[in-house]
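Geometric and topological summary
Next come the chains, spelled out residue by residue.
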Amino acid sequence: MKRRTFLGAALGVLASRVGRAAPTEPPEVIVVGGGPAGISCALELAEKGVRVTLVEAGSQLGGKAKGWRETLDGDPVDVEHGIHGWWYQYVHFHDLLARYSLSEGLREARASENGMRLEDGYRVTGFFTRAGAFIRRANARGHGFFPTAFKAGQRWMRKISLAEIRAGFAGKSVADWVANDPPLTVYSVFDEMMAHSMYFRPPAQVDAAEYIEGERFYFSGGPKNDRVQWLNGNPDTLVWTPLANAIAAHGGVIERGSPVTEVLVGNGRVVGVRTGRPPAEVRIDGPLDAWRSVELDGERVWVGPGEEGPVAYSAVCTHQGCAVDRSDAGFVCPCHGGRYDGTGQPVAGPPEHPLSRYRVEPDGSGFVVKRPDTRKSLYAPWVVLAVDVPALQALVGELLPSVRELQACREVVARFWVDRDVSQTARSAVLLEGFAHSSNGFLVHRLQAGAGAWAAEKGGAVVEIQAYRGWSGTETDAEMLEALEGEMRAIWTELADATVLKRHLTVGDAFTWFQPGWRAHAQQVRTDVDGLLLAGDHVHVPDSEVQFMERAVLTGRMAANIVLRATGRRPADILPPR
Ligand code: FES
């Protein structure tokens, strides 16, 4: 048995034992949010013997890096929120994986796997064509003698301090920076492409300091800093479930499907959180001879004739919260192939839990649908909010008013399973420019073993498009999928006539938007409310230029360390950048 398999099995056994032993003492720390920040925090605490409860709103862990399994003609296929590059310099993330022998789930990308496609169909596939495109753009932007300008740009990037970057560029946009004769760097030359690809917004809407720090963090640091790794399969099975098992094995508790609705504060100090919803009811006119959906205190509910009288089910899918529709057989979720039977029991797709059922009582000529009181208070002297920007604003917008100025932006990811492959010379990961919507393209079957096996057996391909451009916000899912399928056929021209066997769309509005000046509104890990700590990629770390997932994992560890120090325990190591 491989070490990882053995360890995973051992942790699984331990986890189930821990799961049976109900904790007798209340938690010392409640971590809200089961993404990379929350898992990082909970694991550091649990390892050091802190009683920690991690509360996750959905049924799955992994946040915006989660994965799950669906089927295609009866075969299992993996779906993700979106493929992530796991960079060499994500030191705290790699440390987490290494501690639990999970690193073998990552594999290094070869330089030849990465490419760019610029406007007018100009394909940039190898080092020399990439360098050629860089020189062509640099010349077009008026840079003088290229070698001199290039060396000067590199020197500038190496020498400027973090304090100088933030003092000089925070609050300005990338478009401002580029318009004012910036040094010749990859990010200043390919600003339109890099802003969308890495920061989800056009150059006019991205903070220049964040962007410049990003170029340094991702491309201009140590000698290996442009190395990226890909996860060789489903993030849920390769990373998040094993780490969750590790938390449980150390005595931590994980509560899924528990949306936190309130942070409880008393005498200026956090005292816990409240989950669940207050009781509510809505009256509807009879007769009830067909299904209809009604609004119940902000929640959509299906009400209809059951075998023994009227019944009502929440329309909120128990997987990730999409709104389910009625079908002949029961209920169908439009998001990830979820299906429920007529009594709300899950029968297909990712959902594991039944739809919530509510009482329906006769009321004169109509009926009253009643939602019970599901609120539950959970008390602890420390609360770590490791949630995305919209959830943070909903929970502590009153308590920490500056977070109301943060913004979140739209994430649109489409994955297609098609009946033929693309050229063997095509790059597996391409940055895109010149398309109405597409920003990044991936040949998933070349990056991940499971997708590769499916593609080899079918002679097909699995491709993913991450599309951060040009949405009005009013498009339907079907319109977005149509538009992206058209772009897929243009990006990989071999797929122009391909048959699409399955397509999947993930849409959200929770990516952190690093708008110009965002740091002025961001909170640090320690807030002004005693006992309330924050973690996530939207958290300001004064002396660090790490970004995205590594910032999430780092701030999770920093939050854990504040608790560990305050309770007299040894803090976890904060590792030097590389
Ligand atoms: Fe995923 Fe419904 S939200 S199946």
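Right above here is the structure, for reference.
Scope of this entry: the structure provided in the associated data block.

How each quantity is defined
Throughout this description, residue numbers start from 1 for each chain and increase along the sequence as written. Totals for whole chains, interfaces and linings use every residue, but because this is a predicted model, local features are given only for residues with pLDDT of at least 70 and side-chain atom pairs only at 80 or more, for both listing and counting. Remark: hydrogens and water are excluded; side-chain values derive from all non-hydrogen atoms of the structure. The secondary structure listing takes helices from DSSP runs of H or I that are at least 4 residues long and strands from runs of E that are at least 2 residues long, numbered from the N terminus. For this measure, only C-alpha atoms enter the radius of gyration; the expected value for a globule follows 2.2 Å times N^0.38, where N is the number of residues. Residue burial is assigned from relative accessible area. The probe radius is 1.4 Å, only protein chains are included, and a residue is buried under 20% of its type maximum, exposed over 50%, and partly exposed in between. Every residue pair with non-hydrogen atoms within 4.5 Å of one another is taken to be in contact. What sets the accessible areas is the Shrake-Rupley method with a 1.4 Å probe; for residues, cover comes only from the shown protein chains. Neither His nor the chain termini are counted; the positive set is Lys and Arg, and the negative set is Asp and Glu. Charge placement uses NZ in Lys and CZ in Arg. For Asp and Glu, CG and CD serve respectively. Salt bridges, as used here, are contacts in which a Lys or Arg side-chain nitrogen is within 4 Å of a carboxyl oxygen on Asp or Glu. Here a helix's expected span is defined as the number of its residues, less one, multiplied by 1.5 Å. By definition, the arc is the one covered by directions from the helix axis to the C-beta atoms. Buried residues of nine kinds, namely Ala, Val, Leu, Ile, Met, Phe, Trp, Tyr and Cys, make up a nonpolar core once their side-chain atoms join them within 4.5 Å. When DSSP locates at least two bridges between a pair of strands, those strands are taken to pair. To define axes, lines are fitted to C-alpha atoms, for helices over the stretch in contact only, and angles between the resulting N-to-C directions are given on a 0 to 180 degree scale.

Another aspect to go through is the overall build of the chain. In terms of helices and strands, the chain carries 16 helices and 30 strands. Here the C-alpha atoms of the chain give a radius of gyration of 25 Å, agreeing with the 25 Å that 2.2 N^0.38 yields for 578 residues. Each principal axis of the C-alpha atoms in the chain carries an extent, and together these give about 85 × 65 × 50 Å. Per-residue burial for the chain yields a buried fraction of 54% across its 578 residues. Of the contacts formed within the chain by residues at least 6 apart in sequence, a portion of 67% connects residues at least 24 apart. For the chain, the computed accessible surface area is about 24,200 Å², with 52% contributed by carbon and sulfur atoms. Separation of charge centres in the chain, based on 63 positive and 69 negative side chains, amounts to 6 Å.

Summed over all chains, the structure comprises 42 salt bridges. A salt bridge links Lys502 to Glu70; its shortest N-O distance comes to 2.8 Å. Within this pair, whereas Lys502 is found in strand 29 (residues 500-513), its partner Glu70 is found in strand 3 (residues 67-72), the two being separated by 432 residues in sequence. Summarising the burial analysis for this pair, Lys502 and Glu70 share the class buried. In the salt-bridge network here, residues are joined through shared partners; they are Glu44, Glu47, Asp95, Arg99 and Arg557.

Moving on, we get to unusual backbone geometry. With an omega of -5°, the peptide bond between Gly286 and Pro287 qualifies as cis. Its identity as a non-glycine residue notwithstanding, Phe200 has a phi of 70°, on the positive side. Looking at where Phe200 falls in the secondary structure, it is placed in the loop between helix 9 (191-199) and helix 10 (208-219). The backbone phi angle of Phe548 is positive, close to 45°, even though this residue is not glycine. Position of Phe548 relative to the elements: it lies in helix 16 (residues 548-566).

Here we take up helix 5 (residues 146-159). Each turn of an α-helix holds 3.6 residues, which means side chains three or four residues apart point in the same direction. The terminal C-alpha atoms of helix 5, which comprises 14 residues, lie 20 Å apart, in line with the 20 Å expected from a rise of 1.5 Å per residue. Phe146, Ala149, Gly153 and Met157 are the residues of helix 5 that are buried. Buried residues in helix 5, looked at end-on, bunch into an arc of 70°, giving them a common side. Facing away from the buried side of helix 5 by more than 90 degrees, the exposed set consists of Thr148, Lys151, Arg158 and Lys159. Elements that come into contact with the buried residues of helix 5 comprise helix 4 (127-140) and helix 10.

Attention shifts here to the nonpolar core. Residues Val31, Leu45 and Leu385 are the most contacted members of the largest nonpolar core, which totals 127 residues. In terms of residues, this core owes the most to one element, helix 16, which gives 10 residues. Not counting the four nearest positions on each side in its chain, Leu385 is found in contact with Val32, Val263, Leu392, Leu395, Val396, Leu532, Leu533, Leu534 and Ala535. The next biggest cluster of nonpolar side chains, apart from the first, holds 24 residues, and it includes Val412, Ala426, Leu443 and Leu505.

Right, let's talk about the sheet that holds strand 25 (residues 407-418) for a bit. One open sheet accounts for 7 strands, arranged 8-7-26-27-28-25-29; its pairing is mixed. Bordering the open sheet on either side are strand 8 (123-124) and strand 29, each of which pairs with just one other strand. Here 3 bridges tie strand 26 (residues 429-432) to strand 27 (residues 440-443), and the two strands are oriented antiparallel to one another. In the sheet register, Ala429 faces strand 27, and the bridge partner there is Phe442. Contacts from helix 9 reach strand 7 (114-117), strand 26 and strand 27, with the element oriented near 120° to strand 26.

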